[in-house]
Amino acid sequence: APQKKIDRFPLQTRDLATVTMATPAAAKAAAPPAPLVDRMSHSPLENLSTKAALIVTAFAGFFSLLAISFVRTQILTTQNQYMLFAVGSYCVASSYFVFDYYLARFSKSYNTIDEHKRFYVLSNLLKSAVLAVMSPFAAEVLYNTIYLDQWDTNLIRNLGCIYAMLDFVSLVLVRRMATTTIVHHLCVLAFNFLSMHNDYTQENTCRLIVVYAVFSTFAYLVNLLLATRFLGVPEHISVLLCKISLAVYGTCCFLNWSWQLLYIRHLLQVNPDWVLMAYCVLMMLVVYDDIVLQQWLCHRVKTA
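Residues numbered from 1 in each chain as written. Predicted model: local features only at pLDDT ≥ 70, side-chain atom pairs only at ≥ 80, totals over all residues. Heavy atoms only, no water.

Got a minute to help me understand the pattern of salt bridges in this structure?
Side-chain pairing between opposite charges can occur once the charged atoms of the two side chains come close. Counted by the stated rule, this structure contains 2 salt bridges. With its nearest N and O atoms 2.7 Å apart, the salt bridge here joins Asp 167 to Lys 127. On the criterion of sequence distance, the pair formed by Asp 167 in helix α7 (residues 153–173) and Lys 127 in helix α6 (residues 118–147) is long-range, its members being 40 residues apart. You can call Asp 167 buried: its relative accessible area is 0%. Among the ionic pairs, Arg 207 bridges to Asp 149, the shortest N-O distance being 3.9 Å. (Salt bridge = Lys/Arg side-chain N within 4 Å of Asp/Glu carboxyl O. Helix = DSSP H or I, 4+ residues; strand = E, 2+ residues; numbered from the N terminus. Buried < 20%, exposed > 50% of the residue type's maximum accessible area, 1.4 Å probe, protein only.)

The following block contains the structure:
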């Protein structure tokens, strides 16, 4: 039976993949699944020019910096996280259409990308820029919480909303989403909902969520690495970035998981409840995603 190639890729910023599938059901069942690292070796972003990608990333980073600075200086004490999430999601979603409109008019390389993949491209660029801007704030939260044991509830809630906006908008706008990516985004939204109603001055499960989210924010380094594949970066620089990303992200995961286990053990002793049990189950899905990413990084380094 003839074979037909269908573009299929997950939506998560870090999981760039295309999978070749057989059209007939019998052939599809008989064909062995492609190795995971092979499915992550190709990207629909390769047709986007360096100039267009840099413009989108720069604008996204600039406006994200303004937005986060505004959150810290103007609405840090707000108690209405729902309004912040709604307005922020609208702004993020609008940026998809704005960039899509202007890139479609002025970028020939953008027009060479399949139409159903364009929002996927923009999702990667926007999330990379926003996470990069958030990283200094995330590092500050990490230092204050773990080292100083100071938990600023409003700051944590607001930054959590900004982080969750990205996954929420991707979940709504980007098509052909992989099941694992859907689960990942839904977990983030569920955790953010708990965060918006939590008092972080009290020892509870939500503190685990904050620390995990902080370390996840540093994943923009991996997004930067993936961006080098269509930004025309020389191969030796791309390999260097891959090694740095693997070292940084691997270290972050190790420290994160170690702290998670220690604090889970502590909570089991002082405040065991069903929320903690549910968190452990859901977090295993996120841990799996982190492991997949590290496997891809290792493969990229070994095959360089």
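Would you mind going over the packing of α7 against helix α8 (residues 179–196) with me for this structure?
Pairs of packed helices are described in terms of their axes, by the angle between the two and the distance that separates them. Running from N to C, α7 and α8 cross one another at 150°; their axes reach a closest spacing of 9 Å. With respect to each other, α7 and α8 are oriented roughly antiparallel. Two packed elements cross with a definite hand, and for α7 against α8 that hand is left-handed. Across the interface between the two elements, Ile 156, Arg 157, Gly 160, Cys 161, Tyr 163, Ala 164, Asp 167, Phe 168, Ser 170 and Leu 171 from α7 touch Ile 182, His 184, His 185, Leu 186, Val 188, Leu 189, Asn 192, Ser 195 and Met 196 from α8. (Axes fitted to C-alpha atoms, helices over the stretch in contact; angles between N-to-C directions. Parallel < 35°, antiparallel > 145°, perpendicular 65-115°, else oblique. Left-handed = near helix turned anticlockwise from the far one by under 90°. Contact = heavy atoms within 4.5 Å.)

Looking at this structure, I do not really get the packing of α8 against helix α12 (residues 274–302). What am I missing?
Across the interface, α8 lies against α12 with an axial gap of 10 Å and an inter-helix angle of 135°. As far as their axial angle goes, α12 and α8 are oblique. In this structure, α8 crosses over α12, and the sense of that crossing is left-handed. Where α8 approaches α12, its residues Val 183, His 184, Cys 187 and Phe 191 are matched on the opposing element by Tyr 279, Leu 282, Met 283, Leu 285, Val 286 and Asp 289.

Remember, this is a structural readout, not a statement about activity or role.
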